[in-house]
Amino acid sequence: TADCNAVLKALQPIFQEQGMTETVHNWEDHGYLATYITKNGSFANLRIHPHGLVLVDLQSYNDHMKGREEVDQLLNKVEEKMKELFHGNIKRVKRLPAILRGGVIDRYWPTADGRLVEYDIDEVVYDEDSPFQNIKILHSKQFGNILILSGDVNLAESDLAYTQAIMGSGKEDYTGKEVLILGGGDGGILYEIVKLKPKMVTMVEISFVSNIDQMVIDGCKKYMRKTCGDVLDNLKGECYQVLIEDCIPVLKRYAKEGRMFDYVINDLTAVPISTSPEEDSTWEFLRLILDLSMKVLKQDGKYFTQGNCINLTDALTLYEEQLSRLYCPVEFSKETVCVPSYMELY
């Protein structure tokens, strides 16, 4: 517990020395909220809770090193005074790095399970709106260029582990095989498979649910060449073709024609985080793609797809349940990999 009034009186002089205007709110049994405002609009909130939690939030517009040093000095004084007041009997002190808002470069992107990650982004390489979504390619010092679609981190130049996993982790022989890729607009899967001498790879490249369109291809072939090489320079190559069509009619057409593939690789969309698959259109889309894919897959063929963050256990379990509802019986296995730019196991 804390003597809220004593904490307030101990910390007040630190803010008053900065020439800040003070406003104090007292909620009797619920502690204090003190706000301090400077002449230039910077402000601090000091929240003191009776159970012992003391929070200091400081917002300041500082685009120079001196201003940042002043903030650090103020927070150091608060921390020292708290230790002095409680005679070192403080269970924990935690100072979080400053969140930089309103900058030209957005460094903050959420993980699939809702955690906020700060990336070392230093350049906006590409930023365009297609008819379907916003497309960004940002440069990271660690991960190289990162493709971000409508706020979702898709793939970075560092993420070969993702591509290898969705191709079977090096255990498959693609030599002379017929391969169908659904999605994969960054070109990574196509680039890696073409190296393995398949008979023909067909990549079907657009769906309203898949986050893929022609502008994604255009951006990637220019700014993600470490991922896609030169395979996106032309829509046809010696052993591959890229179809800019909705994958659902294409799959239905192939099924009607009796065209069969040794491998179908679905890179359209991750397992949705919704826990109501009967009400979620993305789940409905995934079930449709699964059924259509089984109809064009040879009896001994293999179907590879992405899952989602390992922490989303309910959603992943629901996806596995969908596999038991297919019109034909299937066996499945799963693998967990670390995708560098995702900063999470996938």
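Okay, so let's go over this structure. Quick caveat: nothing in here was measured; it's all calculated off a predicted structure. (Residues numbered from 1 in each chain as written. Predicted model: local features only at pLDDT ≥ 70, side-chain atom pairs only at ≥ 80, totals over all residues. Heavy atoms only, no water.)

### Considerations on the overall build of the protein chain
So, point 1. Per the secondary structure count, the protein chain includes nine helices and 17 strands.
So, point 2. Whereas a compact globule of 346 residues would reach a radius of gyration of roughly 20 Å, the protein chain reaches 27 Å, over 25% beyond that.
So, point 3. In terms of overall dimensions, the protein chain has a C-alpha envelope of 80 × 40 × 35 Å along the principal axes.
So, point 4. Of all 346 residues assigned to the protein chain, the portion counted as buried reaches 45%.
So, point 5. Here the analysis covers contacts within the protein chain between residues at least 6 apart in sequence; of these, 57% occur between residues at least 24 apart. (Helix = DSSP H or I, 4+ residues; strand = E, 2+ residues; numbered from the N terminus. Rg over C-alpha atoms; globule rule 2.2 N^0.38 Å. Buried < 20%, exposed > 50% of the residue type's maximum accessible area, 1.4 Å probe, protein only. Contact = heavy atoms within 4.5 Å.)

### Observations regarding the pattern of salt bridges
So, point 1. Overall, the coordinates contain 16 salt bridges when judged by the stated rule.
So, point 2. One salt bridge connects glutamate 79 with arginine 95, and the closest N-O pair in it is separated by 3.1 Å. On the criterion of sequence distance, the pair formed by glutamate 79 in helix α2 (residues 65-85) and arginine 95 in the loop between α2 and β5 (108-110) is long-range, its members being 16 residues apart.
So, point 3. Relative accessible area serves as the criterion here: at 33%, arginine 95 is assigned to the partly exposed category. (Salt bridge = Lys/Arg side-chain N within 4 Å of Asp/Glu carboxyl O.)

### Considering the environment of aspartate 267
So, point 1. Relative to the helices and strands, aspartate 267 resides in strand β14 (residues 261-267).
So, point 2. Along the backbone, aspartate 267 and isoleucine 189 are 78 residues apart, and their C-alpha atoms lie at a distance of 8.9 Å.
So, point 3. Discounting chain neighbours no more than four positions away, the residues touching aspartate 267 are Tyr162, Ile166, Leu182, Gly183, Gly184, Asp186, Ile189 and Gln306.
So, point 4. Of the polar contacts made by the side chain of aspartate 267, one reaches the side chain of tyrosine 162; its length is 2.3 Å. (Polar contact = N/O pair within 3.5 Å; in protein donor to acceptor, adjacent residues only side chain to side chain.)

### Thoughts on the sheet that holds strand β8 (residues 134-140)
So, point 1. On the basis of which strands lie adjacent, the open sheet formed by four strands has the order β7-β8-β9-β10 and antiparallel pairing. Two strands close off the open sheet at either side, each with one partner strand: β7 (121-129) and β10 (152-156). Along the sheet, successive strands turn relative to each other by an average axial angle of 25 degrees, direction set aside.
So, point 2. When strand β9 (residues 144-149) meets β10, the two strands line up antiparallel, connected through four bridges. Bridge pairing links isoleucine 146 to alanine 156 in β10.
So, point 3. Packed on one face of the sheet, helix α5 (residues 214-223) meets β7, β8 and β9 and runs near 145 degrees to β7. (Pairing = 2+ DSSP bridges. Axes fitted to C-alpha atoms, helices over the stretch in contact; angles between N-to-C directions.)

### Some words on helix α7 (residues 247-257)
So, point 1. Looking only at α7, the buried set comprises Cys247, Ile248, Val250, Leu251 and Tyr254. With its buried residues spanning 160 degrees around the axis, α7 presents them on a single face. The exposed residues of α7 that point more than 90 degrees off its buried face are Lys256 and Glu257.
So, point 2. Note on α7: the residue one or two positions beyond its end, glycine 258, has a positive phi of about 80 degrees. (Arc of directions from axis to C-beta.)

### What to know about the packing of aromatic side chains
So, point 1. Scanning the model with the defined rule gives nine aromatic pairs in all.
So, point 2. Judged by centre distance (6.2 Å) and plane angle (75 degrees), the rings of tyrosine 119 and phenylalanine 143 are edge-to-face. One end of the pair, tyrosine 119, is in the loop between β6 (116-118) and β7; the other, phenylalanine 143, is in the loop between β8 and β9, with 24 residues separating them in the sequence.
So, point 3. Looking at phenylalanine 143, the relative accessible area reads 10%, which means it is buried.
So, point 4. For the ring pair tyrosine 174 and tyrosine 263, a centre distance of 4.4 Å and an interplane angle of 40 degrees mean the geometry is tilted. Here the residue tyrosine 174 occupies a position in the loop between α3 (160-166) and β11 (178-183), and tyrosine 263 occupies one in strand β14, the gap between them amounting to 89 residues. (Phe/Tyr/Trp six-rings, centres within 6.5 Å; stacked < 30°, edge-to-face > 60°.)

### Section: the state of the cysteines
So, point 1. Taken as a whole, this structure holds zero disulfides when the rule is applied.
So, point 2. We note that cysteine 239 lacks a disulfide partner, and the nearest cysteine sulfur, in cysteine 228, lies 15 Å from it.
So, point 3. By relative accessible area, which is 12% here, cysteine 239 ends up buried.
So, point 4. Not engaged in a disulfide, the cysteine cysteine 328 finds its nearest cysteine sulfur in cysteine 247; these two sulfurs lie 18 Å apart. (Disulfide = S-S within 2.5 Å.)

### Quick notes on unusual backbone geometry
So, point 1. Phi is positive for serine 169, close to 55 degrees, though the residue is something other than glycine.
So, point 2. In the Ramachandran plot, methionine 343 falls in the positive-phi region, its phi being about 55 degrees despite a non-glycine side chain.
So, point 3. Position of methionine 343 among the secondary structure elements: in the loop between β16 (338-339) and β17 (344-345).

### Re the sheet that holds strand β3 (residues 43-48)
What links the strands of a sheet is backbone hydrogen bonding, and the strands pair in either a parallel or an antiparallel sense.
So, point 1. Taken together, the four strands give an open sheet; going across it, the order is β1-β2-β3-β4, and neighbouring strands pair in antiparallel fashion. On the outer flanks of this sheet lie β1 (21-26) and β4 (54-59), each paired with one strand and no other. Averaged over all pairs of adjacent strands, the angle between their axes in this sheet comes to 10 degrees, without regard to strand direction.
So, point 2. With six bridges joining them, β1 and strand β2 (residues 32-37) adopt antiparallel strand pairing. Note that in β2 the partner of asparagine 26 across the bridge is tyrosine 32.

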